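# Examining the three-dimensional arrangement
Here is how the chains run, residue by residue.
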Amino acid sequence: MTDPVERHSLLEDAQALLIGTLLVALSVLLLRQSGLLTGGTAGLAFLGHYLSGQPFGLVFFALNLPFYLFAWRALGWVFTLKTFAAVSLLSFYSEWLPSLIHLDHLNTAFSAVLAGLLAGTGLLMLIRHRASLGGLGVLALYLQERHGWRAGKLQMAADCLILLGALLALPAAEVLLSILGAMAMNMVIAINHRPGRYIGM
């Protein structure tokens, strides 16, 4: 007989949303100051930010709007509300943090890897509390829930396609370093989030 699943409390979910998105926002800060980007919907938002000059947070929030209906139908209203909160927090944090933190010198390669590790850790917190940052992450989680496909590997494939498309906006060297950061992020998720290993919901 298996033990009943212990679900997270509202307070536990709230701290995961606040801290997880803050870690991802720190990743966004590193990438933006290094002239890099990442994969997924955030990568598309970076492209929109670099090409249009519009704030990253605004572009990221707008790009996620079409995915909420799919998230609600596929994964339920609780997941969708948590994801909406996470997207809103990241959009806010990413525009607020530059007023609190300014880095005068960044090694670009180190920045790429550290940004990936921060983003992977933040996303892992969100995933374990039944939330995401929307967009392609919703689809990856849906396929893992329904078919057992690894979310990290699915996200990595999508990220590679988006990062290759970044060659239209960034020099090849920056795109290669961005791919390195995306690999670091997805390594964290693929190794630390496997079905059946974590029972808290």
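These figures come from a predicted structure and were not determined experimentally.

Moving on: the packing of aromatic side chains. Both the distance between ring centres and the angle between the ring planes are used here to describe each pair of aromatic rings. Under the counting rule described, the total for this entry stands at eight aromatic pairs. For the ring pair Phe61 and Phe84, a centre distance of 6.0 Å and an interplane angle of 65° mean the geometry is edge-to-face. Pair noted here: Phe61 is in helix 3 (residues 56-64) and Phe84 is in helix 5 (residues 77-96), with a separation of 23 residues, a long-range link. On the basis of relative accessible area, Phe61 is assigned to the partly exposed category, the value being 27%. For Phe84, a relative accessible area of 38% corresponds to the partly exposed category. Within the aromatic cluster, the residues linked to one another by ring pairs are Phe46, Tyr50, Phe56 and Phe60.

Buried within helix 3 are the following residues: Phe56, Gly57, Val59, Phe60 and Asn64. Viewed along the axis of helix 3, the buried residues span an arc of 165°, placing them on a single side of the element. On the buried face of helix 3, the contacting elements are helix 1 (10-34), helix 2 (40-52), helix 4 (67-75) and helix 5.

The rules behind the values
Here, residues in each chain are numbered from 1, in the same order as that chain's written sequence. For a predicted model such as this one, the threshold for reporting local features is a pLDDT of at least 70, and the threshold for listing and counting side-chain atom pairs is 80 or more; totals across whole chains, interfaces and linings nevertheless cover every residue. Side-chain numbers come from the whole structure's heavy atoms, not from hydrogens or water. Side-chain rings of Phe, Tyr and Trp, where Trp is taken by its six-membered ring, are said to pair if the distance between their centres is within 6.5 Å; with planes under 30 degrees apart they count as stacked, over 60 as edge-to-face, and otherwise as tilted. Put simply, DSSP marks the helices as runs of H or I at least four residues long and the strands as runs of E at least two long, and each gets a number from the N terminus on. The buried label applies to any residue whose accessible area, calculated with a 1.4 Å probe on protein chains only, is under 20% of its type's maximum; exposed applies above 50%, and partly exposed to all values in between. Directions from the helix axis toward the C-beta atoms define the arc. Contacts: residue pairs with any heavy atoms within 4.5 Å of one another.

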